[in-house]
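Spelled out, the chains give:
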Amino acid sequence: MRDDLNMKADLITLHSVYNYGSVLQTYATQEIFKRHGVDVTTIDFVRENNLFFNRLKSGANNSILKEAILLPSQLKQKLVFDNFIKNNIKITDKTYTYDSDFDGYNSNADFFITGSDQVWNSTWNGGIVRPLYLSFVKSKPKFAFAASFGKEEIDEEEINNTKELIHEYKYISVRENSALNILKNQYGYRNCEQILDPTLLLSGSDWRKIESKNKIKGKYILIYQLNSNHTFDKYAAEVAKANNCKLVRICRRFDQLILNGKSIIIPKVEEFISLFDNAEMIITDSFHALSFSINLNKPFMCIYPPKFNTRLKSCLEMFELTDRLVKDYKKLNVFDKSINWNKVNNILKIERDKSNKFIENCLEYVEKNGDI
């Protein structure tokens, strides 16, 4: 790595969706590029469907009663994630939502980055979001960093509507092996490779520098669950009981208090990391929870969500941890088979080197070509 380049880059990603993985991958992208001598500014892009009141109405299915129930959760999410972004992420003064907001976009960036997370998942994003393909950038190099489609294939109409934008990127890196197939086979794009999610590019010790003090006493098994699943809930409770551990649940809404386990309601981002770091075991259906478990070398069991599970599958395969996928909900002796962390960490080192090499190649291109 080098810190003598003194370059500037603008990053667009899904930092504003009020999700732990989203803000942490944004922070990690900023920090890893900083180690390569790049000053990154995140564009404060907020999708229309993610504007505060739109998100509230959508979550409540336009029911005034449900809106009143969800409002406290939405307000706390806004406080927690906005504070983390304000204190840890360099961001533009202006907020952008619509295509027209980018008219005459003014920046002194040397290049632009589409960041990680499900930036190209049209289902998750409520359609094709052209700014996430850097449609507003005309005369600077564009790169994609650990981008995700979130699914196995893209329909033909979407390919036709985004193919020209994809081919404007100089280099593209993606998070899942399925995304490579999409780029090569559906888009006919060749300057692409698979790299790590940004949260895995920072080390466990890097994350421990910003985590808060652990507040949970005694041994506990941690649940981080993004999808309602009664089988998941029952399994986690039985695993905790069988292994003489407390059950602790990170809740994203106040109404999740009714679920089993000790509820930690919308913890600060720094506490989120601490909860993982001090757990005996993590049970999750979340990609970023899986990533933090691996990075912090914490035992885990993974349960696939009903959709968008390609990223979890790809991660388990990369680290040769497919045996951590729950297939038999009657097997509760989850600590009997340990994880070979030396093997995992060796793979992690190889993949980190590969990911950093991708950044170096991007910066070499910018040094040689500049404006395009």
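Below is a short write-up of the structure.

Conventions we followed
Residues numbered from 1 in each chain as written. Predicted model: local features only at pLDDT ≥ 70, side-chain atom pairs only at ≥ 80, totals over all residues. Heavy atoms only, no water. Helix = DSSP H or I, 4+ residues; strand = E, 2+ residues; numbered from the N terminus. Rg over C-alpha atoms; globule rule 2.2 N^0.38 Å. Buried < 20%, exposed > 50% of the residue type's maximum accessible area, 1.4 Å probe, protein only. Contact = heavy atoms within 4.5 Å. Areas by Shrake-Rupley, 256 points an atom, 1.4 Å probe, with all protein chains shown as cover. Lys, Arg positive; Asp, Glu negative; His and termini not counted. Charge placed at Lys NZ, Arg CZ, Asp CG, Glu CD. 1 Å grid on protein atoms, 1.4 Å probe; cavity = no way out; pocket = protein on both sides within 12 Å on 5 of 7 lines; lining within 4 Å. Points joined across faces, edges and corners; volume = space filled by probe spheres on them. Pairing = 2+ DSSP bridges. Right-handed = clockwise from strand over helix to strand, strands pointing away. Core = buried A, V, L, I, M, F, W, Y, C linked by side-chain atoms within 4.5 Å. Axes fitted to C-alpha atoms, helices over the stretch in contact; angles between N-to-C directions. Patch = residues over 30% accessible without salt bridge, like charges linked within 9 Å, V, L, I, M, F, W, Y side chains within 5 Å. Salt bridge = Lys/Arg side-chain N within 4 Å of Asp/Glu carboxyl O.

### What to know about the overall build of the chain
Within the chain, the secondary structure is distributed over 12 helices and 12 strands. Its C-alpha atoms give the chain a radius of gyration of 20 Å, near enough to 21 Å, the size a compact globule of 372 residues would have. Each principal axis of the C-alpha atoms in the chain carries an extent, and together these give about 60 × 50 × 40 Å. For the chain, with 372 residues in total, the buried portion stands at 57%. Partitioning the intrachain contacts of the chain with sequence separation of at least 6 by distance along the chain shows that 74% fall at a separation of at least 24. Total accessible area on the chain is roughly 16700 Å²; 47% of this is exposed by carbon and sulfur atoms. In the chain, 52 side chains carry a positive charge and 47 a negative one; their mean positions are 6 Å apart.

### Topic: empty space enclosed by the protein
This structure, assessed with the given rule, holds three cavities of 30 Å³ or more. Its boundaries defined by the atoms lining it, the largest cavity holds a volume of some 70 Å³. Around the largest cavity, the lining is made up of 13 residues, and of these Arg 175, Asp 197, Phe 287, Cys 315 and Met 318 lie nearest the centre. With four residues, the single largest contributor to the lining of the largest cavity is helix α11 (residues 310-318).

### What about the pairing of strand β9 (residues 246-251)?
Burial within β9 is extensive, with five of its six residues counted as buried. For strand β8 (residues 220-224) and β9, the ladder comprises five bridges, and the chain directions are parallel. Among the inter-strand pairings, Ile 221 is bridged to a residue of β9, identified as Leu 247. Traced from β8 through helix α8 (residues 230-242) to β9, the parallel crossover comes out right-handed. Two strands pair when backbone bridges link them, and β9 and strand β10 (residues 262-265) are joined in this way by four bridges, in the parallel orientation. Bridge assignment links Cys 251 to a residue of β10, and that residue is Ile 265.

### Overview of the nonpolar core
Counting 73 residues, the largest nonpolar core has Phe 111, Phe 276 and Phe 319 as the members making the most contacts within it. Broken down by element, the residue count for this core peaks at 10 residues, all from helix α12 (residues 341-369). Beyond its immediate stretch of four places on either side in the chain, Phe 111 contacts Met 7, Lys 8, Ala 9, Asp 10, Phe 33, Val 38, Pro 141, Phe 143, Leu 363 and Val 366. Residues Ile 43, Tyr 133, Leu 165 and Ala 179 belong to the second largest nonpolar core, which totals 35 residues.

### Regarding the sheet that holds β9
Spatially, five strands are ordered β10-β9-β8-β11-β12 in an open sheet, and the strand pairing comes out parallel. Edge positions in the sheet fall to β10 and β12 (300-302), since each has one partner strand and no second. With strand direction ignored, the average angle separating the axes of adjacent strands in the sheet is 20 degrees.

### A short note on a negative patch on the surface
Negative charge collects at one region of the surface, where Glu 152, Glu 153, Asp 155, Glu 156 and Glu 157 lie side by side. Note on placement: Glu 153 falls in the loop between β5 (142-147) and α4 (156-166). A residue is classified by how much of its surface remains accessible, and Glu 153, at 60% relative accessible area, is exposed.

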